[in-house]
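Summary of the model geometry
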Number of protein chains: 2
Amino acid sequence: MELVERLLRGDKRAAAKAISLLEDYDKKAADVLGAIYPHTGKAHIIGITGPTGTGKSTLVFALAKEFRKRDKKVGIIAIDPTSPYTGGALLGDRIRMGNLTLDEGVFIRSMGTRGHAGGTSRATADVIKVLDAMGMQIIFAETAGAGQSEVDIARIAHTSIVVEMPGLGDDIQAMKAGILEIGDIFVVNKADLDGVDSTLANLSLAVEREKPSGWKPKMLLTVATEDKGITDLADLIEEHYDFLKESGTLETERVERAKEELRAALSQHLFLRVLERPELIGEFNNLVQMIAKKEMDPHSAAEKLLGLAGIA
Amino acid sequence: MELVERLLRGDKRAAAKAISLLEDYDKKAADVLGAIYPHTGKAHIIGITGPTGTGKSTLVFALAKEFRKRDKKVGIIAIDPTSPYTGGALLGDRIRMGNLTLDEGVFIRSMGTRGHAGGTSRATADVIKVLDAMGMQIIFAETAGAGQSEVDIARIAHTSIVVEMPGLGDDIQAMKAGILEIGDIFVVNKADLDGVDSTLANLSLAVEREKPSGWKPKMLLTVATEDKGITDLADLIEEHYDFLKESGTLETERVERAKEELRAALSQHLFLRVLERPELIGEFNNLVQMIAKKEMDPHSAAEKLLGLAGIA
């Protein structure tokens, strides 16, 4: 496929086209994904999450610049309807982003959060594959809002960064229990504001707990608008990735992810077998009605459908 | 099955036993679920969510008492490791709970949040079925913490209640975007505290937005410890359920849920077909390794496995 060849050479327009195919559920999307698959798995995927207003996007821009200095190609995916990429930009952010979009080694893509979170996370996983295959070595996936997409992205990401800022208050803590478990690195951005000590104290609990990989989460102060703390943060991101490699976690997770991908594909293809036959679609719909009326339970219905499909 | 018969008569010990089977992934669990299935779908399922400290449990106790007065049997499921049911109880809560547990028409069950949220929500759905089948007419599912389980429970629940309290501050708003979308009813509990107006103002945005069903979310003030506002809240809960019935939403959702259940069962049974054969398990694991090494893409691997399984 010419599109895939161009994509693999790092052509941004080919990547944009491929992503459009994915978003439109185009039939060619599966072919593209299949063709690029062998070229994926090389990027370091970094999830960035935290409340709106903490300066996540500015932080990502600053990190992107820093990793460009380190000769890494950088992909950015924003999963956030209020993200500056999609129009809600402040002037400063637009200027910062403008510089980046002109850079051939940077690819920025925003994604809506239409549909349910499972759909978004799957679409995000596919877009990450495109950026990975086109040669982006560091990929930031930025999310905001409710916990579901954040948890989903954390499953895909190698390194999860939770961004806070001073003054968010103690009350928010309880809400964030799930997010605190996700973080490998906790960044207190806007650290020139009052209340840093209290924010650090709030986070201390999260940082005490070792991750299943054995990594002990770290805290860091930044002022992204002034590039303060960015070098240290980039170092820490690299340190975490090295840890994952050396501890064998990266490899373990790669196999786990492969297992999940095979299960998902198997499930999808098995479904197609059953549901591509018109007479079975009708029966599927009948059985749904019977289940809804509690005339049959889902497991018996599944067995019946498999029998009809000749899958003994 | 004697267990199921006792369960269907409303025997609490049989219900507890059935739930234990479910939690232990016991082989009998599927039989129990199949046997009780025709007797489910009658309960009004109410999700209760919101930050820790807002008094959700006290509110649930007060509502349970109110619905008992209305001659409804009440089930309570707490999905929260810090819930008073599981030991973190304040004395007042324990006393309130004590009265309820003695009532034959009330069944309380707490669930841990071990494992990932998908697992919890599936387990919760099964426990809800048990409570439903044993004749509980109103079932409260109380969650706390990060957004994922809340969103999952909201999918299962007919009516979703989001509990707030004065003084949580504006900063928390951004975090709650996902939760605000969930709510059918917003309760400002502890409404005797300062700052009620500001909390109501914060919520006003959430209440302006009509739900896909056409329901316009409502706000309500309560002081659960003094039973203030509880009658109105119970009325509103019944009003919402009536709305779902009259608008046809309840029926539409029932069919949607049946479809999801059949898909899940089909997927599960198809997997068993493939994975119950030892030679295919070996091949499955080989393919996982190949995918992890990017030597094969998941879709080609799925096709190969189906071919070997003789599912053409």
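Up top is the structure these notes are about.
Description of the structure in this document. (Residues numbered from 1 in each chain as written. Chains lettered and ligands numbered in written order. Predicted model: local features only at pLDDT ≥ 70, side-chain atom pairs only at ≥ 80, totals over all residues.)

Observations concerning the overall build of chain A
Helices and strands together make up the secondary structure of chain A, namely 14 helices and seven strands. Residues classed as buried in chain A amount to 46% of the 312 residues present. At a minimum sequence separation of 6, the contacts of chain A that also span at least 24 residues come to 73%. (Helix = DSSP H or I, 4+ residues; strand = E, 2+ residues; numbered from the N terminus. Buried ≥ 20, exposed ≤ 12 C-beta atoms within 10 Å, placed from the backbone. Contact = placed C-beta atoms within 7 Å.)

Side note on the sheet that holds strand 6 (residues 185–188) of chain A
Residues and elements named next belong to chain A. One open sheet holds the seven strands; their spatial order is 3-2-4-1-5-6-7, and the pairing between them is parallel. The two strands at the open ends of the sheet, each matched to only one other strand, are strand 3 (106–111) and strand 7 (218–221). Neighbour to neighbour, the strand axes of the sheet diverge by 20° on average, direction disregarded. In this structure, strand 6 lies alongside strand 7, joined through four bridges in parallel fashion. Bridge pairing in strand 7 places valine 187 opposite leucine 220. (Pairing = 2+ DSSP bridges. Axes fitted to C-alpha atoms, helices over the stretch in contact; angles between N-to-C directions.)

Considering the packing of helix 14 (residues 298–308) of chain A against helix 12 (residues 249–275) of chain B
At a closest axis distance of 8 Å, the pairing of helix 14 of chain A and helix 12 of chain B adopts a crossing angle of 60°. With respect to their mutual orientation, helix 14 of chain A and helix 12 of chain B come out oblique. Of the two possible hands of crossing, helix 14 of chain A and helix 12 of chain B adopt the one that is right-handed. Two secondary-structure elements touch here, helix 14 of chain A through Pro298, His299, Ala301, Ala302, Glu303, Leu305 and Leu306 of chain A and helix 12 of chain B through Glu261, Leu262, Ala265, Leu266, His269 and Leu270 of chain B. When grouped by side-chain class, the residues that make up the contact of helix 14 of chain A with helix 12 of chain B number nine nonpolar, two polar and two charged. (Parallel < 35°, antiparallel > 145°, perpendicular 65-115°, else oblique. Left-handed = near helix turned anticlockwise from the far one by under 90°. Nonpolar A, V, L, I, M, F, W, Y, C, P; charged D, E, K, R; others polar.)

Some details on helix 3 (residues 28–36) of chain A
Listed as buried for helix 3 of chain A are Val32, Leu33 and Ile36 of chain A. For helix 3 of chain A, the buried positions fall inside an angular range of 95° around the axis, keeping them on one side. (Arc of directions from axis to C-beta.)

Here we look at the sheet that holds strand 2 (residues 74–79) of chain B
Residues and elements named next belong to chain B. Spatial strand order, 3-2-4-1-5-6-7: seven strands in an open sheet with parallel pairing. Each end of this open sheet is capped by a strand with a single partner; those strands are strand 3 (106–111) and strand 7 (218–221). Neighbour to neighbour, the strand axes of the sheet diverge by 20° on average, direction disregarded. The pairing of strand 1 (residues 44–49) with strand 4 (residues 138–143) spans five bridges and is parallel.

Some thoughts on the environment of glycine 183 of chain A
Residues and elements named next belong to chain A. The topology assignment puts glycine 183 in the loop between helix 9 (177–182) and strand 6. Separated by 34 residues in the primary sequence, glycine 183 and proline 217 place their C-alpha atoms 6.8 Å from one another. Dropping the residues within four chain positions of it, glycine 183 is found in contact with Ser160, Ile161, Val162, Ala206 and Pro217.

A look at the pairing of strand 5 (residues 159–164) of chain B
The side chains of a regular strand alternate between the sheet's two faces. Residues and elements named next belong to chain B. The buried count for strand 5 comes to six of six residues, which makes it a mostly enclosed element. With burial as the criterion, each face of strand 5 is covered, one bearing Thr159, Ile161 and Val163 and the other bearing Ser160, Val162 and Glu164. The pairing of strand 1 with strand 5 spans four bridges and is classified as parallel. Counted as the bridge partner of threonine 49 is valine 162 from strand 5. Note that strand 5 and strand 6 (residues 185–188) share four bridges and pair parallel. By the bridge assignment, isoleucine 161 is partnered in strand 6 with isoleucine 185.

Looking at helix 4 (residues 56–69) of chain B
Because each turn of an α-helix spans 3.6 residues, side chains separated by three or four positions in sequence point in the same direction. All names here are of chain B. An ideal rise of 1.5 Å per residue puts 20 Å on 14 residues; helix 4 measures up with 20 Å between its terminal C-alpha atoms. Counted residue by residue, helix 4 has 11 buried out of 14 residues, so it is predominantly covered. Looking at helix 4, one finds that the buried residues are Lys56, Ser57, Thr58, Leu59, Val60, Phe61, Ala62, Leu63, Ala64, Glu66 and Phe67. Following helix 4 by one or two positions, aspartate 71 has its phi on the positive side, about 65°. (Expected span 1.5 Å × (residues − 1).)

A look at the nonpolar core
Note on soluble globular proteins: their nonpolar side chains tend to be buried together. Core analysis: the biggest nonpolar cluster contains 63 residues, and Leu63, Ile77, Val130, Ile139, Phe140 and Ala141 of chain B have the highest contact counts within it. At seven residues, the largest contribution of residues to this core is made by helix 4 of chain B. When residues of this core are sorted by domain, at least three fall in each of domain 1 (1–38) and domain 2 (40–247) of chain B. Residues within four places of isoleucine 77 of chain B in sequence aside, it is in contact with Arg109, Met111, Thr124, Val127, Ile128, Ile139, Phe140 and Ala141 of chain B. If you look at the next biggest cluster of nonpolar residues, it comprises 62 residues, including Ala15, Phe67, Ala123 and Ile161 of chain A. (Core = buried A, V, L, I, M, F, W, Y, C linked by C-beta atoms within 7 Å. Domains from an automatic or database assignment.)

Points about the environment of arginine 6 of chain B
Inspection of the secondary structure assignment puts arginine 6 of chain B in helix 1 (residues 2–8). A C-alpha to C-alpha distance of 8.6 Å links arginine 6 of chain B and methionine 134 of chain B, two positions 128 residues apart in sequence.

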